[in-house]
Amino acid sequence: MAVTVRLATKEDVHAIATVRIETWRAAYAGLIDQAVLDRMDIDREAARRAELWDQYHSDPRGAEFIAEVDGELAGWAVVGPSLDEDLPEDGQIYAIYALPSFWSAGIGHALMTDAETRLREAGFESAHLWVLEGNERAAAFYE
């Protein structure tokens, strides 16, 4: 199994939406209201991401990554400057997700490695992320 991580492009918005929504539905079941998860729509999310792509990528310190396994979509991550007012000098990992079919297959590790490298190259000496309370799987991964 060969994991490849590359920078995402605007042409990847459907892949990004797919990873985000499929992963949210699997990882957040029981943690987020099921009606919210059920309303999520990949095509609508992809269109929103395409519309906001330039805005999301206006800061050169940020980046989105796509992980693939043997050419198949496996995960997604996005990083940039902190959105937390009390940590203005930090970098932040805004999202890092592997499709459920690739959980425990090294996708998260590969994405985290590239995310950390990008943040260091952008000049950040420290970074943080948020974990949804109750998401023990993710918390264990980050720890």
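Residues numbered from 1 in each chain as written. Predicted model: local features only at pLDDT ≥ 70, side-chain atom pairs only at ≥ 80, totals over all residues. Heavy atoms only, no water.

Draft legend 1. Fine view of the overall build of the chain. Helix and strand counts for the chain stand at five helices and five strands. Each helix and strand of the chain, placed in order from N terminus to C terminus, yields the pattern β-α-α-α-β-β-β-α-β-α. Computed over its C-alpha atoms, the radius of gyration of the chain comes to 15 Å, within 12% of the 15 Å expected for a compact globule of 143 residues. Reported as C-alpha extents along the three principal axes, the dimensions of the chain are approximately 40 × 35 × 35 Å. Taking contacts inside the chain between residues at least 6 apart in sequence as the whole, the part at least 24 apart equals 63%. Surface accessibility of the chain: about 8200 Å² in total, with carbon and sulfur atoms responsible for 50%. Across the chain, 12 positive and 27 negative side-chain charges occur, with their mean positions spaced 4 Å apart. (Helix = DSSP H or I, 4+ residues; strand = E, 2+ residues; numbered from the N terminus. Rg over C-alpha atoms; globule rule 2.2 N^0.38 Å. Contact = heavy atoms within 4.5 Å. Areas by Shrake-Rupley, 256 points an atom, 1.4 Å probe, with all protein chains shown as cover. Lys, Arg positive; Asp, Glu negative; His and termini not counted. Charge placed at Lys NZ, Arg CZ, Asp CG, Glu CD.)

Draft legend 2. The arrangement of the packing of helix H1 (residues 13–27) against helix H3 (residues 42–56) in detail. At a minimum axis distance of 8 Å, the contact between H1 and H3 shows a crossing angle of 130 degrees. It follows that H1 is oblique to H3 by the angle criterion. The hand of the H1/H3 crossing is right-handed. When H1 is examined against H3, the residues Val13, His14, Ile16, Ala17, Thr18, Arg20, Ile21 and Glu22 are found in contact with a partner set consisting of Ile42, Asp43, Glu45, Ala46, Arg49, Ala50 and Trp53. A class-by-class count of the residues in the contact of H1 with H3 yields eight nonpolar, two polar and five charged. (Axes fitted to C-alpha atoms, helices over the stretch in contact; angles between N-to-C directions. Parallel < 35°, antiparallel > 145°, perpendicular 65-115°, else oblique. Left-handed = near helix turned anticlockwise from the far one by under 90°. Nonpolar A, V, L, I, M, F, W, Y, C, P; charged D, E, K, R; others polar.)

Draft legend 3. View of the pattern of salt bridges. By the definition in use, this model includes six salt bridges. Measuring nitrogen to oxygen at the nearest pair gives 3.4 Å for the salt bridge that ties Arg6 to Glu68. Taken together, the residues span a long stretch of sequence, with Arg6 in strand E1 (residues 3–7) and Glu68 in strand E2 (residues 63–69) at a distance of 62 residues. Salt bridges sharing common partners tie together Arg20, Glu45, Arg48 and Arg49. (Salt bridge = Lys/Arg side-chain N within 4 Å of Asp/Glu carboxyl O.)

Draft legend 4. Spotlight on the sheet that holds E1. Taken in spatial order, the five strands of this open sheet run E1-E2-E3-E4-E5, and their pairing is mixed. Each end of this open sheet is capped by a strand with a single partner; those strands are E1 and strand E5 (127–129). Recorded for the sheet is a direction-independent mean angle of 25 degrees between the axes of neighbouring strands. Two elements, strand E3 (residues 72–81) and strand E4 (residues 91–98), share seven bridges in a ladder whose sense is antiparallel. Bridge pairing links Val78 to Ala95 in E4. (Pairing = 2+ DSSP bridges.)

Draft legend 5. Seen up close, H3. Compared with the 21 Å implied by 1.5 Å per residue over 15 residues, the 18 Å span of H3 between its first and last C-alpha is markedly short. Taken as a whole, H3 carries its principal kink of about 40 degrees at Ala50. Those residues of H3 that are buried are in contact with H1, E2 and E3. A side-chain oxygen of the first residue of H3 lies 3.2 Å from the backbone nitrogen of Asp43; this N-cap is Asp41. (Expected span 1.5 Å × (residues − 1). Bend = angle between axes of the 7 residues up to and from the residue. Polar contact = N/O pair within 3.5 Å; in protein donor to acceptor, adjacent residues only side chain to side chain.)

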